[in-house]
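What the coordinates show
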Amino acid sequence: MSVAVFGSLNMDLVVRVPRMPEAGETLTGRSFLTNPGGKGANQAVACARQGARVAMVGRVGDDAFGAELRSALAVQGVDASGVLETPGVSTGVAAILVDDGAQNCISVVPGANGQVAEADADAMRLAGTKLLLLQLEVPMAAVLRAAQVARAAGCQVLLNPAPAQALPEALWPLVDILVLNEIEAKLLGGLADVHAGNAAEAAAQLSARGPRDVIVTLGAEGAVWFADGKSRHFPAPQVRAVDTTAAGDTFIGALAALLVEGATMDRAVEHAIRAAAIAVTRVGAQASMPTRAEVLTRS
Ligand code: ATP
């Protein structure tokens, strides 16, 4: 059984600068690099690296970045035949300035991600798919339809409500597994704050709206899983974190890979925590994601 991901693909354009430029200023940068990104593509790659069969559904523009993103997925073993081209629209990009103090300034242009439509959800081929992963970097109407299509096809739905935003009422009961960080839990739960001390309570409250399993990730403090009226805290291994970019995406991809193999949620969360702990010790998004062998070796 396999995993499908319905979501975003971006090219991250990263410029290192000594300091942030002022408005109107031209500042010489130190370096430039391009990195494939987008939460959808990141989760697809994280999942494939853990050995799962993964298919990606989304949109890119008919430009060089689009072609590069599709081939980057294929190199990782992700089936990118469901990534369609939207003519006349740019591929999604994130322009990122990072200064010497590691502060960043980011502007995301959704481009073709913003063109993902309900018809794309209707066209998904889900035969053999056990789990559909959704995030919120493509239009909400398309996300909702994808959840409906998946449920009708007998697939489970895992939603990562990032970037944080309110969900339509109709989406809640279609979500089997909700995985979110503290900021997203705070917004969706309407709470003043979510942290390790109250994450189980927040998860219980979110679960009451529909999802059977709710996992709140807590950065260096690990994660809390709530299901069937019970919660469990999973601590994260202590590591020297150098870059937490895509820690959440690594966690979700690894969790999904184990779940489609039939692992229990306990075992899947333990594996996801180990995978994410490795990712934070390396620089980059997809570049930092470990393989299955690496996770098993370091456990
Ligand atoms: P991001 O937006 O950076 O991708 P996130 O905010 O969605 O991440 P986090 O809760 O920060 O998600 O991290 C996800 C998981 O990554 C955590 O549950 C934990 O397992 C792991 N993790 C994150 N930071 C650390 C750390 N400093 N040490 C060990 N594990 C970490």
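Residues numbered from 1 in each chain as written. Predicted model: local features only at pLDDT ≥ 70, side-chain atom pairs only at ≥ 80, totals over all residues. Heavy atoms only, no water.

As recorded by an unreviewed UniProt entry, the protein chain carries the name Ribokinase and is attributed to Ramlibacter agri. The record held by UniProt for the protein chain lists under Pathway (unreviewed entry) the comment "Carbohydrate metabolism; D-ribose degradation; D-ribose 5-phosphate from beta-D-ribopyranose: step 2/2." (UniProt positions renumbered as here; feature names shortened; annotations may be inferred.)

**Some points on the packing of helix α1 (residues 39–49) against helix α7 (residues 247–260)**
Where α1 meets α7, the closest approach of the two axes is 7 Å, and the angle between their N-to-C directions is 50°. With respect to α7, the axis of α1 lies oblique. In this structure, the crossing between α1 and α7 has a hand that is right-handed. The segment α1 lies against α7, with Lys39, Asn42, Gln43, Ala46 and Cys47 engaging Asp249, Thr250, Ile252, Gly253, Ala254, Ala256 and Ala257. The residue makeup of the contact of α1 with α7, split by class, is six nonpolar, four polar and two charged. (Axes fitted to C-alpha atoms, helices over the stretch in contact; angles between N-to-C directions. Helix = DSSP H or I, 4+ residues; strand = E, 2+ residues; numbered from the N terminus. Parallel < 35°, antiparallel > 145°, perpendicular 65-115°, else oblique. Left-handed = near helix turned anticlockwise from the far one by under 90°. Contact = heavy atoms within 4.5 Å. Nonpolar A, V, L, I, M, F, W, Y, C, P; charged D, E, K, R; others polar.)

**Things to note about the UniProt feature "binding site: substrate" (unreviewed entry) in the protein chain**
Within this structure's numbering, the places UniProt gives as "binding site: substrate" (unreviewed entry) are Asn10, Met11, Asp12, Gly38, Lys39, Gly40, Ala41, Asn42, Glu137 and Asp249. Secondary-structure assignment places alanine 41 in helix α1. Once residues within four sequence positions are removed from consideration, alanine 41 is found in contact with Ser8, Leu9, Met56, Leu73 and Gln286. With respect to the helices and strands, aspartate 249 occurs in helix α7. In this structure aspartate 249 comes out as buried when scored by relative accessible area, which is 6%. Those residues in contact with aspartate 249, other than ones at most four positions away along the chain, are Lys39, Asn42, Gln43, Ala46, Asn160 and Met289. Here glutamine 43 takes part through its side chain, which lies 3.0 Å from a polar atom of the side chain of aspartate 249. (Buried < 20%, exposed > 50% of the residue type's maximum accessible area, 1.4 Å probe, protein only. Polar contact = N/O pair within 3.5 Å; in protein donor to acceptor, adjacent residues only side chain to side chain.)

**Let's talk about the site of the ligand**
The immediate surroundings of the ligand are formed by 18 residues, with Thr217, Gly219, Gly222, Thr244 and Gly248 found nearest. Here an oxygen atom of the ligand sits 2.8 Å away from a polar atom, N or O, in the main chain of threonine 244. Alanine 246 places a main-chain nitrogen or oxygen 3.2 Å from an oxygen atom of the ligand. For the ligand, whose unbound accessible area comes to 620 Å², protein coverage reaches 82%. Those elements that provide at least two residues to the shell around the ligand are α7 and α8 (265–279). A per-element tally of the shell around the ligand places α8 first, with three residues. Counted by class, the shell around the ligand contains 12 nonpolar, six polar and no charged residues. (Near = heavy atom within 4 Å. Areas by Shrake-Rupley, 256 points an atom, 1.4 Å probe, with all protein chains shown as cover.)

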